[in-house]
Amino acid sequence: MGNGTTAQMQKQGSIREQLADRLRTFLPTGALLTDAEDLKPYELDGLSAYRQVPMIVAIPDNEQQASKILETCHDAGVPVVARGAGTGLSGGALPLADGVLMSMARFNRIIHVDPLARIARVQCGVRNLAISDAAVQYGLYYAPDPSSQIACTIGGNVAENSGGVHCLKYGLTVHNILRLRVLTVEGGILEIGSEGLDTAGYDLLALMTGSEGMLGIITEITVKLLPKPERAQVVMAAYDDVKKAGAAVGDIIAAGIIPAGLEMMDRLAISAAEDFVHADYPLDAEAILLCELDGTNEEVSEEIMRVHDILLKSGATSLRTAKDDAERLKLWAGRKAAFPAVGRISPDYYCIDGTIPRKQLPLVLARIRELSQEYGLRVANVFHAGDGNLHPLILYDGNKPGELEKTEELGGRILELCVEVGGTITGEHGVGVEKINQMCIQFRDKELTLFHGIKRAWDGNGLLNPGKAVPTLQRCAEFGAMHVHHGEMKFPELPRF
C-alpha cells in the first residue's frame, strides 16, 4: 500500500471520527453506527449488483434529529443518502464511502386516518401495506400496491414514484398523495402541497415525487384513501403466443375498458411462479394475462362478459374467472411473488424497468426474445401490461467472470429499445445508478442541463444522494463515444454528481 493511499485512509478516518463525535452530541445511544460489522447490512438496496459500505449510518428517531443530521453534514460538506426499507431496484439508496447513510426506519407511525376526508397522514417509514391495514376498518384502502408492498415504505414509494398492479386504473404514487413534509439539505422544513384539489405556485409536489432523494428528504406524507369496491373479479387468459397476449392488451383498452389491473407473464415467469406459489397457472402457456375488473356488481358483471369476448377473439386458448375473493387473491399471489420465484431458478437475476406505448408490446417482446438469444441469457418477462411498464428479469450467474457485465449490457439494450419505440427508461423503479447511462439516450444536453439547474436550486453543493439519476454532460459524452459498437461497450465509472 502506497503512502498516498495510507494518508488518504487516515484522513477519511479522521473525518469520520470528527463527524461521529458531532452527531453523538444529539443522537441517542444506538442511533449511530460506525463499526464495520454494523455498516455492512446497509451496503446495498434491492439491486445487489452494486455495493458500497457507508462511512457512517445514522438512524434518527424523529424529525428534529433528522434535521440536525442534515444541518451537521451540510456544515461539514459531507453527502447524505436517505434510505427506507432498502427494497429499491435501481441502486437509489446505494451509500457513499465518504458519506452518511440516514435510515428513516424509525419514522413508522401512522399519525391520523380521516375516513370522512378519505386521507391518512403517515410518517415516511410506514410500510405501504400498513396504510391499507389501518384504513380497512373504515372500508378504505391505499391504491398503489408495488409487489414489495409488504415491506417497502411510503417514503421510498414517493421518492421513486412507485406504482403496482393496480396503477392502470388508480394511478402511480404521484396521483395518490396530497401533501409532503420535507427536510432540505440544510435541515430546514418545507410543507409541499395541500389537502385541496389545487395549490398556488409551481407543482412542487410532482417535482418531489420521483426525485430519488436528490432534492430533499421526505418525513411525512398525506395520502388519498379510496373506498373498497363492492366487487373485484379477475380473469386469467392463457395464450400459445406471447405476441397474441401483447396484442390483447391493446384490444381491451381500445374497447374503452379500464381494468383495475392488467398484468402479463411469459412462460419462464409462469413456470417459476407456479413452482413457488402454486397459483394453478397453466404450465403449457407461452403467456398469461391477468385482468381484474372492479366496481359495482352490475359494472363488473357487464365488463367481465365484454372482456371474455375480447380475450377469445384475440386468440386466448383458455379462460378462467375467479369464483370468489380467495381464488382472486390466489391468482394474484403468483404475480406478486414473481420476483422471488425467479430468484429460485437462477443464482442471480437482474430486474430492469422500462415503459413503452401499449401498441408496441408485441414488437418489443419479440425483440427482447431475440436479444435474449443473442446474449445467451434467459429473460423472464413480468410486467404491468396495461400501462406498458415492463419488468424483464435477466437470469445470470455472478460467479461467472464477465456475466454481470454482459447482463448489464443486455439490460441497457432493452432500455434503449424502450426509448426507440417511444417509451421511457423507467416506470416506477427510478434511475438510481442502474440506468444513469441510458439517461444519456433519452435526454439531450439542454434537458440534462435543466435537470442540473433544478438540482442546484435545491442542493447547491450536491450533497443529497450524489451520483444518482442525472448524469453529467461529460459522462454522456464518454458514454456516446463508447456506444458505437455494443459488443465492445464499456460503461465509465460512476462519478459523484
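For the structure, see preceding data.
Here goes a summary of the coordinates provided. (Residues numbered from 1 in each chain as written. Predicted model: local features only at pLDDT ≥ 70, side-chain atom pairs only at ≥ 80, totals over all residues. Heavy atoms only, no water.)

Within the secondary structure layout, I304 lies in helix α10 (residues 297-313). Placed 95 residues apart in sequence, I304 and N399 show a C-alpha to C-alpha distance of 48 Å. (Helix = DSSP H or I, 4+ residues; strand = E, 2+ residues; numbered from the N terminus.)

Quick look at the state of the cysteines now. Counted by the stated rule, this structure contains one disulfide. Through a disulfide, C440 is tied to C476; the S-S separation comes to 2.1 Å. For the disulfide bridge between C440 and C476, the dihedral angle about the S-S bond is near -80 degrees, and by the sign convention the bridge is left-handed. Here C476 lies in helix α17 (residues 473-481) and C440 lies in helix α15 (residues 439-442), a separation of 36 residues in the sequence. When sorted by exposure, C440 lands in the same class as C476, which is buried. Residue C291 stays outside any disulfide, its sulfur separated by 14 Å from that of C167, the closest cysteine. Free of any disulfide, C418 has its nearest neighbouring cysteine sulfur in C351, separated by 12 Å. (Disulfide = S-S within 2.5 Å. Buried < 20%, exposed > 50% of the residue type's maximum accessible area, 1.4 Å probe, protein only.)

Our next topic: the packing of helix α13 (residues 361-375) against helix α14 (residues 403-420). The contact between α13 and α14 brings their axes to 11 Å, and the two run at 160 degrees. In terms of orientation, α13 and α14 fall into the roughly antiparallel class. Along this stretch, α13 crosses α14, giving a crossing that reads as right-handed. When α13 is examined against α14, the residues V364, R367, I368, L371, E374 and Y375 are found in contact with a partner set consisting of K406, E409, L410, R413, I414 and L417. Taken together, the residues that form the contact of α13 with α14 break down as seven nonpolar, no polar and five charged. (Axes fitted to C-alpha atoms, helices over the stretch in contact; angles between N-to-C directions. Parallel < 35°, antiparallel > 145°, perpendicular 65-115°, else oblique. Left-handed = near helix turned anticlockwise from the far one by under 90°. Contact = heavy atoms within 4.5 Å. Nonpolar A, V, L, I, M, F, W, Y, C, P; charged D, E, K, R; others polar.)

We now examine the packing of helix α8 (residues 242-254) against α13. At a minimum axis separation of 8 Å, α8 and α13 run at an interaxial angle of 150 degrees. The angle between α8 and α13 places the two elements in the roughly antiparallel class. Taken as a pair, α8 and α13 cross one another with a handedness that is right-handed. Side by side, α8 and α13 meet where V242, K243, G246, A247 and V249 of the first sit next to L361, P362, L365, A366 and R369 of the second. Counted by class, the contact of α8 with α13 contains seven nonpolar, one polar and two charged residues.

Here the focus is the sheet that holds strand β5 (residues 110-114). Taking strand neighbours across the sheet as the criterion, the five strands line up as β5-β6-β10-β8-β9 in an open arrangement whose pairing is antiparallel. Of all the strands in the sheet, the pair left with one neighbour each is β5 and β9 (189-193). Ignoring which end each strand starts from, the neighbouring axes of this sheet average 10 degrees apart. Pairing of β5 with strand β6 (residues 119-123), which is carried by four bridges, proceeds in the antiparallel orientation. By the bridge assignment for β6, D114 is matched with I119. Contacting β8 (177-183), β9 and β10 (217-224), helix α3 (residues 63-76) crosses the sheet at an angle of about 55 degrees to β8. (Pairing = 2+ DSSP bridges.)

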